[in-house]
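Descriptive analysis of the structure
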Amino acid sequence: MTDRTAASDPAVALVLRDIALWTASLVRQFPELAEELAPGRRGPAGTAPAPSPAGRDELIREERREALLLQQRHGLSVPGHGAAPIRLHVSDAIRDITDGVVELEEAVCARLTLPRPPRAGVIDRLRRLVGLLDPIAAHPDLARHVRDEIRRMARRCARTLGDSETVVRVSGRCPWCDSVSLRAFPDRRAVLCVNPACVCTDEVCGCQDDPSYRHLWPEERWEELSEASGTRTEEIEAAMDDPKETSC
């Protein structure tokens, strides 16, 4: 997005910022789903009953079919897959996210009257979408759709992985809801308001129609947040750089 566009329509700039942040999260986490396909890592050995020989053979065949499908469709190989079946809820998430990214890129290209995108893996398609943010900015409804879809897929990916981010309490009050609900998220290098009732006055902000939306201040807006909330940029930086010292 050009500076001129951002200055003339800050609402669109906010949506594009969210697209970039959620895409970065999905690019980082999606490859980790392949690591989660191999079962039996979460409990002690011998806690699950061993399948019968016939059942074991069927599980092996199912795993091989699933691994081949994932390799062919998504470019993901299952590390160390062997006699146990892959975790089907993880493969379901991979399929959903992969299909979603493909459909989203094709829809964006169709809306922008661009040629149909060539076949590629999820990560390459996501990077190509980010490369289209300038023309996407000219279509606010398209930008919001892209944000909503990327956000949905990033959240599903995170839920499937069972991730729990480090969260650090930050002093001061949220400029929107005036609650002491500001938290630093070092993995994202961003400060969020975690108050679920926090709603701003921006009609195109995600908080207007998504109860799980959280207002976010990336690194370039920490000074602005500091002035509005009463916290200090030094405290935010310390929370990001050494979260163990001040984590909730």
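Everything in this summary refers to the structure shown in the same document. (Residues numbered from 1 in each chain as written. Predicted model: local features only at pLDDT ≥ 70, side-chain atom pairs only at ≥ 80, totals over all residues. Heavy atoms only, no water.)

1. A short note on the overall build of the chain
Within the chain one finds eleven helices and four strands. Expressed as a percentage of its 248 residues, the buried residues of the chain come to 40%. Taking all contacts inside the chain whose residues are at least 6 apart in sequence as the whole, residues at least 24 apart take part in 60%. As displayed, the chain has an accessible area near 13500 Å², and 51% of this comes from carbon and sulfur atoms. (Helix = DSSP H or I, 4+ residues; strand = E, 2+ residues; numbered from the N terminus. Buried < 20%, exposed > 50% of the residue type's maximum accessible area, 1.4 Å probe, protein only. Contact = heavy atoms within 4.5 Å. Areas by Shrake-Rupley, 256 points an atom, 1.4 Å probe, with all protein chains shown as cover.)

2. Considerations on the environment of Arg214
With respect to the element layout, Arg214 can be found in the loop between strand E3 (190-193) and strand E4 (216-218). Exposure remark for Arg214: the relative accessible area of 25% places this residue in the partly exposed category. Separated by 16 residues in the primary sequence, Arg214 and Cys198 have C-alpha atoms spaced 7.7 Å apart. When residues no more than four places from it in sequence are discounted, the contact partners of Arg214 are Leu192, Cys193, Val194, Asn195 and Pro196.

3. Topic: the sheet that holds E4
The strand order E1-E2-E3-E4 describes an open sheet built from four strands, whose pairing is antiparallel. Whereas interior strands pair on both sides, the edge strands pair on one side only; in this sheet they are strand E1 (168-169) and E4. Pairing geometry for E3 and E4, over three bridges, is antiparallel. The residue of E4 that forms the bridge with Val191 is Trp217. (Pairing = 2+ DSSP bridges.)

4. Re the packing of helix H9 (residues 222-229) against helix H10 (residues 233-241)
It is the contact of H9 with H10, at a shortest axis distance of 9 Å, that shows an interaxial angle of 125 degrees. In terms of orientation, H9 lies oblique with respect to H10. Listed contacts from H10 to Trp222, Glu223, Leu225 and Ser226 of H9 are Thr233, Ile236, Glu237 and Met240. Here the residues of the contact of H9 with H10 sort into four nonpolar, two polar and two charged. (Axes fitted to C-alpha atoms, helices over the stretch in contact; angles between N-to-C directions. Parallel < 35°, antiparallel > 145°, perpendicular 65-115°, else oblique. Nonpolar A, V, L, I, M, F, W, Y, C, P; charged D, E, K, R; others polar.)

5. Comments concerning the pattern of salt bridges
Under the defined criterion, the tally for this structure stands at 14 salt bridges. Between Asp141 and Arg111 there is a salt bridge, and its shortest N-O distance comes to 3.1 Å. With a gap of 30 residues between them, Asp141 in helix H8 (residues 140-161) and Arg111 in helix H5 (residues 88-111) connect regions that are remote in the sequence. According to the relative accessible area criterion, Asp141 is partly exposed, its value standing at 40%. Between Arg152 and Glu149 there is a salt bridge whose closest N-O contact spans 3.3 Å. With Arg152 and Glu149 both in helix H8 and three residues apart, the pair spans about one turn of that helix. A relative accessible area of 33% means that Arg152 is categorised as partly exposed. Overlapping salt bridges, with partners in common, bring together Asp96, Glu149, Arg152 and Arg156 in one network. (Salt bridge = Lys/Arg side-chain N within 4 Å of Asp/Glu carboxyl O.)

6. As for the nonpolar core
Formed by 34 residues in total, the largest nonpolar core has its most connected members in Val108 and Ile136. Within the residue set of this core, elements represented by two or more residues are helix H2 (10-29), H5, helix H6 (122-130), helix H7 (133-136) and H8. Counting residues per element, this core draws most heavily on H8, which supplies eight residues. If near-sequence neighbours (up to four positions away) are discounted, Ile136 is found in contact with Leu16, Val108, Leu112, Leu129, Leu142, Ala143 and Val146. (Core = buried A, V, L, I, M, F, W, Y, C linked by side-chain atoms within 4.5 Å.)

Distances and angles like these do not, on their own, reveal function.
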